[in-house]
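# Summary of the model geometry
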Amino acid sequence: MRNCKFEGNIDEYLMNRLTDDKKNEFEEHYFNCSSCFEKMVERDELITAIKYKGQEIFKDEPATEAVKGETSWGKIMAFLTPKQWATVAVSATLIAVLVFSGLLMLKPPSPQFFINEDAVRGGKITLISPIFEVQTVPSQFEWQRLGENAEYRIYIYDNGDTLWQKTTKDNFIVLPENIKKTLASGEKYSWQVKAFSPEGALISVSSRVQFKINHPE
Amino acid sequence: MNAAMGNEKKLDLEQIYVKYRSIVCFRVKKSLGVYNPDCDDIANEIITNVIEKLKRGEFRGESSIGTFIYTITSRRIIDYIRKKSKVLKHVPEPASYPDPHEQVENKERAETIAGAIKRLNPKYREVLYLYYYKELSREEVAQKLGISPRRVSERVNYSQKLLKKMIRK
């Protein structure tokens, strides 16, 4: 049973899923609520451990990708007897070993993908500009690079709705003119960057940072 | 009587320091990144500033003490980020080197928690895998497991309680 109505925000906050307003509200809250702060610290430890050791912890995880409650799997299993399935498995393994050994002698060296330590799960992307207030509509969005081969997806939001998103390998992006025209003076927007490995795995998410375009003087 | 009141006030400041230092540190690290080497300095500066302001009587009770400290913390973080973003535009940022002792302690803690997670019932390990490692939303996890989103939250919370018990043993 929850002790505090803000307790439900803990995971969303730690996973950087809260909007700026909700984030600020929750941050002020945990300065005033020992219960939420203690629970958040415990949860943060858990998340950090999972991100740091996840590959090792979950390497033996059964196929959790499959949707539970499927009946077609039962139908497939019923096609052969267990003994027949065992024979198929052993034969397939032997064939795979033979083929793999043959391929090893032929295959060229694999391309080396290095993601440096900063890009390991849990690394933080720092957004550089624009932040807080700008005098004109920003032409360029820039963030700190995270590793050698990471790919970045930038999102620009208007009140929680995604206004624009784009993927790039650089640590900056130039805003297209047609998007610039949609940003208005006096208004607040927010933006966020997510980093992906070359294999497409999500490796880091920045905080959502708000910026305001001041009225021209 | 003045001496007694002075002692009481001193005790309060110590309690405030003890209570809010960890909260300020957490907030700073969350904003600046755990491995930012300036985190400890910024956190120390903030809490020192808070104590000085309290001694000068700048807290008038218009808000809670927590909100007072939160405001000072947020402002300092904003100042730091503003200065840092100006510097970063022109100068490449040097590599950040985390405190090796803190790193060892955090790694050991992570190892302990990881060991406990491996011993969890697969039902609970599965939800941690999907929710925190794969970073699926509560609704996506619910759909994959064929349970309600509320049940997902219950399993996550219960996993936490189980892990706490296992680690204490």
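This text gives an overview of the structure that appears in the document. (Residues numbered from 1 in each chain as written. Chains lettered and ligands numbered in written order. Predicted model: local features only at pLDDT ≥ 70, side-chain atom pairs only at ≥ 80, totals over all residues.)

### Re the overall build of chain B
To keep things clear, this is the line we draw: To qualify as a helix, a DSSP run of H or I must reach at least 4 residues; to qualify as a strand, a run of E must reach at least 2; elements of each kind are numbered from the N terminus. For the exposure call, what matters is how many other C-beta atoms sit within 10 Å of a residue's own: 20 or more marks it buried, 12 or fewer exposed, and in between partly exposed, using C-beta atoms placed from the backbone.
Looking only at helices and strands, chain B has seven helices and zero strands in total. In chain B, the succession of α and β elements from N to C terminus is α-α-α-α-α-α-α. Looking at chain B as a whole, 23% of its 169 residues qualify as buried.

### Quick word on the environment of Ile213 of chain A
All names here are of chain A. Our working definition: The contact rule is simple: place each C-beta atom from the backbone, and if two of them lie within 7 Å, those residues are in contact.
Along the chain, Ile213 turns up in strand S9 (residues 209-213). The class for Ile213 is partly exposed, based on 19 C-beta atoms found within 10 Å. Placed 82 residues apart in sequence, Ile213 and Ile131 show a C-alpha to C-alpha distance of 10.0 Å. Beyond its immediate sequence surroundings of up to four residues, Ile213 is in contact with Val134, Val137, Leu183, Ala184, Ser185, Gly186 and Glu187.

### Topic: the sheet that holds strand S1 (residues 127-129) of chain A
All names here are of chain A. For clarity, the cut-off: We call two strands paired when DSSP finds no fewer than two bridges between them. In this analysis, axes come from line fits to C-alpha atoms, helices being fitted only over the stretch in contact, and the angle between any two N-to-C directions falls in the range 0 to 180 degrees.
The three strands are arranged S1-S3-S6 in an open sheet whose pairing can be described as antiparallel. The open sheet has two edge strands with one neighbour each: S1 and strand S6 (172-174). The sheet shows a mean angle of 20 degrees between the axes of neighbouring strands, taken without regard to direction. Where S1 lies against strand S3 (residues 140-143), two bridges are found, and the strand directions are antiparallel. Paired with Leu127 across the strands is Trp143, a residue of S3.

### A closer look at helix H6 (residues 138-145) of chain B
All names here are of chain B. Note the following rule: Here the arc refers to the directions that run from the helix axis out to each C-beta atom.
Among all positions in H6, only Arg138, Val141 and Ala142 are buried. For H6, the buried positions fall inside an angular range of 100 degrees around the axis, keeping them on one side. Tucked inside the fold, the buried residues of H6 contact helix H5 (122-133) and helix H7 (149-168). The first or second residue beyond H6 is Gly146, which carries a positive phi of 70 degrees.

### Let's talk about the interface of chain B and chain A
Taken residue by residue, the interface counts 31 residues in chain B and 34 residues in chain A. Those elements giving two or more residues to the side of chain B that touches chain A turn out to be helix H1 (2-32), helix H3 (65-90), helix H4 (100-118), H5, H6 and H7 of chain B. If one sorts the elements of the side of chain B that touches chain A by residue count, H3 of chain B sits on top with eight residues.

### Examining the pairing of strand S4 (residues 151-158) of chain A
Residues and elements named next belong to chain A. Where S4 lies against strand S7 (residues 188-196), seven bridges are found, and the strand directions are antiparallel. Bridge pairing in S7 places Glu151 opposite Phe196. By the bridge criterion, seven bridges tie S4 to strand S5 (residues 161-168) in an arrangement that is antiparallel. The residue bridging Tyr152 from the neighbouring strand is Thr168, located in S5.

### Observations concerning the pairing of S7 of chain A
All names here are of chain A. The pairing of S7 with strand S8 (residues 202-205) spans three bridges and is antiparallel. When the sheet's bridge partners are listed, Phe196 is paired in S8 with Leu202. Taking the residues between adjacent antiparallel strands as the criterion, S7 and S8 are bridged by five residues, where Gly200 takes a positive phi near 95 degrees.

### Section: unusual backbone geometry
Despite not being glycine, Asn16 of chain A has its phi angle at roughly 60 degrees, a positive value. Tracing the backbone shows Asn16 of chain A in the loop between helix H1 (9-14) and helix H2 (20-30). Located in the positive-phi region is Glu135 of chain B, a residue other than glycine, with phi close to 60 degrees. Positionally, Glu135 of chain B belongs in the loop between H5 and H6.

### Brief notes about the nonpolar core
Our working rule: In this description, a nonpolar core means buried residues of the types Ala, Val, Leu, Ile, Met, Phe, Trp, Tyr and Cys, linked to one another by C-beta atoms lying within 7 Å.
In terms of nonpolar packing, the biggest core is built from 23 residues, with Tyr30 of chain A together with Val24, Ala43 and Ile69 of chain B touching the most fellow members. The biggest single contributor to this core is helix H2 (residues 39-55) of chain B, with six residues. In contact with Val24 of chain B, not counting residues within four places along its chain, are Ala43, Ile46, Ile47, Ile69 and Thr73 of chain B.

### A closer look at the packing of H5 of chain B against H7 of chain B
To describe two helices that pack against each other, one gives the angle between their axes and the distance between the axes. Residues and elements named next belong to chain B. Which entries qualify depends on this criterion: Angle categories are assigned with fixed cut-offs, so that under 35 degrees is roughly parallel, over 145 is roughly antiparallel, 65 to 115 is roughly perpendicular, and the rest are oblique. We call a crossing left-handed when the near helix sits turned anticlockwise from the far one by less than a right angle, and right-handed when that turn is clockwise. Basically, the charged four are Asp, Glu, Lys and Arg, the nonpolar ten are Ala, Val, Leu, Ile, Met, Phe, Trp, Tyr, Cys and Pro, and anything else, Gly included, counts as polar.
Between H5 and H7, whose axes approach to 9 Å, the crossing angle comes to 110 degrees. Considering their axes alone, H5 and H7 lie roughly perpendicular with respect to each other. With respect to the hand of their crossing, H5 and H7 are arranged in left-handed fashion. Counted together, Lys123, Tyr124, Val127, Leu128 and Tyr131 of H5 and Val152, Arg155, Val156, Tyr158, Ser159 and Leu162 of H7 form the full contact between these two elements. Residues belonging to the contact of H5 with H7 are distributed by class as follows: eight nonpolar, one polar and two charged.

Just distances and angles here, no functional claims.
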